[in-house]
Amino acid sequence: MTWEEIVPLLWPATWETAQMVGWATLFTVLFGLPLGVALVAFDRGGLRPLPALKSVLGIVVNIGRSLPFIVLMIAIIPFTRLVIGTTIGTAAVVVPLTVGAVPFFARLVETALREVGTDVVQAAQAMGAGRTAIVRKVLLPEALPGLVSGLTVTIVALIGYSAMAGTVGGGGLGDLAVRYGYQRFETLVMIVTVVLLIVIVQILQSLGDWVARRISHK
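This section reports on the structure supplied with the text.

### Details of the side chain of Lys54
1) Next: Inspection of the secondary structure puts Lys54 in helix H2 (residues 51–66).
2) Next: The buried charged residue Lys54 lacks any salt bridge partner; its closest oppositely charged side chain belongs to Glu110, at an N-O distance of 4.1 Å.
3) Next: The contact partners of Lys54, leaving out residues within four places of it in the chain, are Leu39, Phe42, Asp43, Glu110 and Arg114.

Structure follows, in structure tokens:
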């Protein structure tokens, strides 16, 4: 294939990847952030100590993180079909992307929240702040640089997951690389796709690092 033939294929594939990663990121934050907060709050010495529940959540998160994405994507096909109505296409891939990224992001949230000094939390408690207020006005704002860094890492991981989704007809740059670069032995397509993914990751990582530095209190 010539460069003129590749370019018209790149833009739709890039847009599909952006859609998959964008929606999956949104749902990952909606589910992963509260889960990460719960892992900290329910721990011994946390805002709402429930060690047994924390252990259960920890096991669920560890199981989710231990499964390779390609295995997870196949394993939850019935769930994906139940939610979306199909297992093929950009919309369908958002489900396994989210399921795979939520436990990953939750652990990063947990790590960021644990870096907040206990003295700050104790000061808020001494002033009579409730648990919800402490989470919203103390823990999350103080941990914001770490949360941004964790979200950046998660988005980069989601881009990698979305590329793997191309092996099962998920669309996006991964699908383009598989259908043209691998199955049709179009080396130029494979090279261009890989380079484009690297550029996207570098831009997002640099942007995330910049934002984290800008909002850091240190």
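Anyway, onward from the coordinates.
### What to know about a nonpolar patch on the surface
1) Next: Side chains of Trp23, Leu26, Phe27, Leu30 and Phe31 sit close together on the surface and give an oily, nonpolar patch of about 510 Å² of accessible area.
2) Next: Structurally, Phe27 is set in helix H1 (residues 3–41).

### Here's the deal with the pattern of salt bridges
A pair can form between side chains of opposite charge whenever their charged atoms are brought close.
1) Next: Under the criterion given, the structure shown has three salt bridges.
2) Next: Ionic pairing is found between Asp43 and Arg114, a salt bridge with its closest N-O pair at 3.0 Å. Within this pair, whereas Asp43 is found in the loop between H1 and H2, its partner Arg114 is found in helix H5 (residues 90–114), the two being separated by 71 residues in sequence.
3) Next: With relative accessibility at 41%, the residue Arg114 sits in the partly exposed group.
4) Next: Between Arg107 and Glu110 there is a salt bridge, with its nearest N and O atoms 2.6 Å apart. Here Arg107 pairs with Glu110, and both are found in helix H5, just three residues apart, close to one helical turn. No difference in accessibility class separates Arg107 from Glu110, as the two residues are buried.
5) Next: Overlapping salt bridges bring together Asp43, Arg107, Glu110 and Arg114 as one network.

### A few points about the layout of surface pockets
1) Next: Empty space within the second largest pocket amounts to approximately 310 Å³.
2) Next: As for the second largest pocket, its lining consists of 15 residues, of which Val40, Gly45, Gly46, Thr118 and Val121 are closest to the centre.
3) Next: Sorting the residues of the lining of the second largest pocket by element identifies H1, H5 and helix H6 (118–126) as the ones contributing at least two each.

### Some thoughts on the environment of Gly146
1) Next: Mapped onto the fold, Gly146 is located in helix H8 (residues 144–165).
2) Next: For the pair Gly146 and Leu113, spaced 33 residues apart in sequence, the C-alpha separation works out to 8.0 Å.

### Thoughts on the packing of aromatic side chains
Any two aromatic rings considered together are summarised by their centre-to-centre distance and by the angle between their planes.
1) Next: All chains considered together, the criterion is met by two aromatic pairs.
2) Next: Ring geometry for Trp23 versus Phe27: centroids 6.0 Å apart, planes at 25°, classification stacked. One end of the pair is Trp23 and the other is Phe27, both in helix H1 and four residues apart, which spans about a single turn.
3) Next: For the ring pair Phe69 and Tyr161, a centre distance of 4.7 Å and an interplane angle of 5° mean the geometry is stacked.

### Considerations on the packing of H8 against helix H10 (residues 187–215)
1) Next: The interhelical angle for the contact between H8 and H10, taken along N-to-C directions, is 170°, at an axis separation of 8 Å. It follows that H8 is roughly antiparallel to H10 by the angle criterion. Packed against H8, whose contacting residues are Leu144, Pro145, Val148, Ser149, Thr152, Ile155, Val156, Ile159 and Ala163, the element H10 presents Leu197, Ile200, Val201, Leu204, Gln205, Gly208, Val211, Ala212 and Ile215 at the interface.
2) Next: Per-class residue counts for the contact of H8 with H10 are 14 nonpolar, four polar and no charged.

### Regarding the packing of H2 against H5
1) Next: Where H2 contacts H5, the two axes come as close as 8 Å, and the packing angle between them is 130°. The angle between H2 and H5 falls in the class oblique. Across the interface between the two elements, Lys54, Gly58, Val61, Asn62, Gly64 and Arg65 from H2 touch Pro103, Phe104, Arg107, Glu110 and Arg114 from H5.
2) Next: Across the contact of H2 with H5, the residue classes break down as three nonpolar, three polar and five charged.

What counts and how
Residues numbered from 1 in each chain as written. Predicted model: local features only at pLDDT ≥ 70, side-chain atom pairs only at ≥ 80, totals over all residues. Heavy atoms only, no water. Helix = DSSP H or I, 4+ residues; strand = E, 2+ residues; numbered from the N terminus. Buried < 20%, exposed > 50% of the residue type's maximum accessible area, 1.4 Å probe, protein only. Lys, Arg positive; Asp, Glu negative; His and termini not counted. Salt bridge = Lys/Arg side-chain N within 4 Å of Asp/Glu carboxyl O. Contact = heavy atoms within 4.5 Å. Patch = residues over 30% accessible without salt bridge, like charges linked within 9 Å, V, L, I, M, F, W, Y side chains within 5 Å. Areas by Shrake-Rupley, 256 points an atom, 1.4 Å probe, with all protein chains shown as cover. 1 Å grid on protein atoms, 1.4 Å probe; cavity = no way out; pocket = protein on both sides within 12 Å on 5 of 7 lines; lining within 4 Å. Points joined across faces, edges and corners; volume = space filled by probe spheres on them. Phe/Tyr/Trp six-rings, centres within 6.5 Å; stacked < 30°, edge-to-face > 60°. Axes fitted to C-alpha atoms, helices over the stretch in contact; angles between N-to-C directions. Parallel < 35°, antiparallel > 145°, perpendicular 65-115°, else oblique. Nonpolar A, V, L, I, M, F, W, Y, C, P; charged D, E, K, R; others polar.

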